[in-house]
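Letter by letter, the chains look like this.
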Amino acid sequence: MAALPRGFTLALETTGLDNILSLAWLLVCVAAIVVLAYLFTRYVAGRGGSFLGAGGGNGQFKVLARLSLGREQSAALVRAGERYLLLGVAPSGVTLLAELTQEEAEALYAPPPEQAAPPSFGEALRSVLKQRKPR
């Protein structure tokens with residue numbers, strides 16, 4: 001076997017080590033993104049989901065549900081003290097569509113009893129990973 005210059009062999013070893021370190025760094029970055037996504041969803045859920053549209057407010061004034069009707073229009077079910085209001089929200093303003101009784105409002109925003117709660121981020125990630133077929 002012909003002798004290679006000493007620097008040439010070292011360059012090949014460094015390139016192999018660099019590839020391993022690059023792969024390790026990529027895996028660390030992907031893991032960090034997954035952890036940050038999980039923490040962000042926990043943070044949003046802790047705020048009552050107000051970042052995503054429904055669940056905003058506190059105490060006596062709270063948005064119970066919101067339905068997008070178009071690009072910039074939506075309908076919102078709001079609890080203000082003991083009153084339940086169905087509001088139309090548009091760029092031009094907010095319009096009272098109806099005032100509802102407590103029973104009517106609960107029928108609109110309460111999920112049916114047989115409907116299960118949506119899975120947490122961790123549960124959804126585990127189910128997707130289980131569905132993935134090994135290569």
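These numbers come from a predicted model, not from an experiment.

1. Description of the packing of aromatic side chains
Across all of its chains, the model carries 1 aromatic pair by this definition. On the basis of an interplanar angle of 45° and a centroid distance of 6.1 Å, the ring pair of Tyr38 and Phe121 is categorised as tilted. Residue Tyr38 is located in helix α1 (residues 6–46), and its partner Phe121 is located in helix α3 (residues 121–131); the two are separated by 83 residues in the primary sequence. Residue class for Phe121 comes out partly exposed when judged on its relative accessible area of 29%.

2. Comments concerning the pattern of salt bridges
Following the criterion strictly, the structure yields 1 salt bridge and no others. Note that Glu99 is salt-bridged to Arg83, the shortest N-O span being 2.8 Å. A residue pair is termed long-range when its members are at least 10 positions apart, and Glu99 in strand β5 (residues 93–100) and Arg83 in strand β4 (residues 83–90) qualify at 16 residues. We classify Arg83 as partly exposed; its relative accessible area is 44%.

3. As for the pairing of strand β3 (residues 74–80)
Burial runs high along β3: 5 of the 7 residues are buried. Linking strand β2 (residues 61–68) to β3, which pair antiparallel, is a turn of 5 residues. Two strands pair when backbone bridges link them, and β3 and β4 are joined in this way by 7 bridges, in the antiparallel orientation. Paired with Val78 across the bridge in β4 is Leu85. Taking the residues between adjacent antiparallel strands as the criterion, β3 and β4 are bridged by 2 residues, where Gly81 takes a positive phi near 65°.

Cut-offs and rules
Residues numbered from 1 in each chain as written. Predicted model: local features only at pLDDT ≥ 70, side-chain atom pairs only at ≥ 80, totals over all residues. Heavy atoms only, no water. Phe/Tyr/Trp six-rings, centres within 6.5 Å; stacked < 30°, edge-to-face > 60°. Helix = DSSP H or I, 4+ residues; strand = E, 2+ residues; numbered from the N terminus. Buried < 20%, exposed > 50% of the residue type's maximum accessible area, 1.4 Å probe, protein only. Salt bridge = Lys/Arg side-chain N within 4 Å of Asp/Glu carboxyl O. Pairing = 2+ DSSP bridges.

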